[in-house]
Amino acid sequence: MSILEIALASQIWARRHEKRQPEFTESDGWKILLRVAFSFVAFTLLIAGLNVAAGRPQILAQQSSAPVAASR
């Protein structure tokens, strides 16, 4: 078989075996939102854990927001 015949046969096979995607429903939106929120929280906790393990926790209350005013 030539490359063209193999490509054509592969395309025909793929079209016969493709599955139709179900329509988007409202519950899918909630699942996506929950997954994004979970990923954000997990990533935030991972970064915080790495900072604590490195011995330098990032606490905003300990940092001076206006170093010029504090030195006067």
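Structural notes, computed from the coordinates. For every chain, the first residue of its written sequence is number 1, and the numbers climb from 1 along that sequence. Residues qualify for local features only when their pLDDT is at least 70, as the model is predicted, and side-chain atom pairs are given and counted only at 80 or more; totals for whole chains, interfaces and linings, by contrast, use all residues. Each side-chain value is derived from all of the structure's non-hydrogen atoms; neither hydrogens nor water enter the calculation.

Looking now at the overall build of the protein. Helix and strand counts for the protein stand at 3 helices and 0 strands. Counted from the first residue to the last, the protein has its helices and strands arranged as α-α-α. For the protein, with 72 residues in total, the buried portion stands at 1%. Of the accessible surface of the protein, which amounts to about 7400 Å², a share of 65% is contributed by carbon and sulfur atoms. Helix and strand definitions follow DSSP, with helices as H or I runs of at least four residues and strands as E runs of at least two, each counted in order from the N terminus. Categorising residues by exposure relies on relative accessible area from a 1.4 Å probe, with only protein chains included: less than 20% of the type maximum marks a residue as buried, more than 50% marks it as exposed, and the intermediate range marks it as partly exposed. Areas reported here follow the Shrake-Rupley algorithm with a probe of radius 1.4 Å; residue values treat only the protein chains shown as occluding.

Before going further, it helps to examine helix α2 (residues 26–53). Its 28 residues place the ends of α2 41 Å apart at the C-alpha level, agreeing with the 40 Å of an ideal helix rising 1.5 Å per residue. The first or second residue beyond α2 is Gly-55, which carries a positive phi of 85°. Here a helix's expected span is defined as the number of its residues, less one, multiplied by 1.5 Å.

Residues qualify for a patch when their relative accessible area is over 30% and they have no salt bridge, like charges being joined within 9 Å and the nonpolar side chains of Val, Leu, Ile, Met, Phe, Trp and Tyr within 5 Å. By convention in these notes, a salt bridge is any Lys or Arg side-chain nitrogen within 4 Å of a carboxyl oxygen on Asp or Glu. Together, Phe-43, Leu-46, Ile-47 and Leu-50 give the surface a local cluster of nonpolar side chains, amounting to about 390 Å² of exposed area. Examined against the element boundaries, Ile-47 turns out to sit in helix α2.

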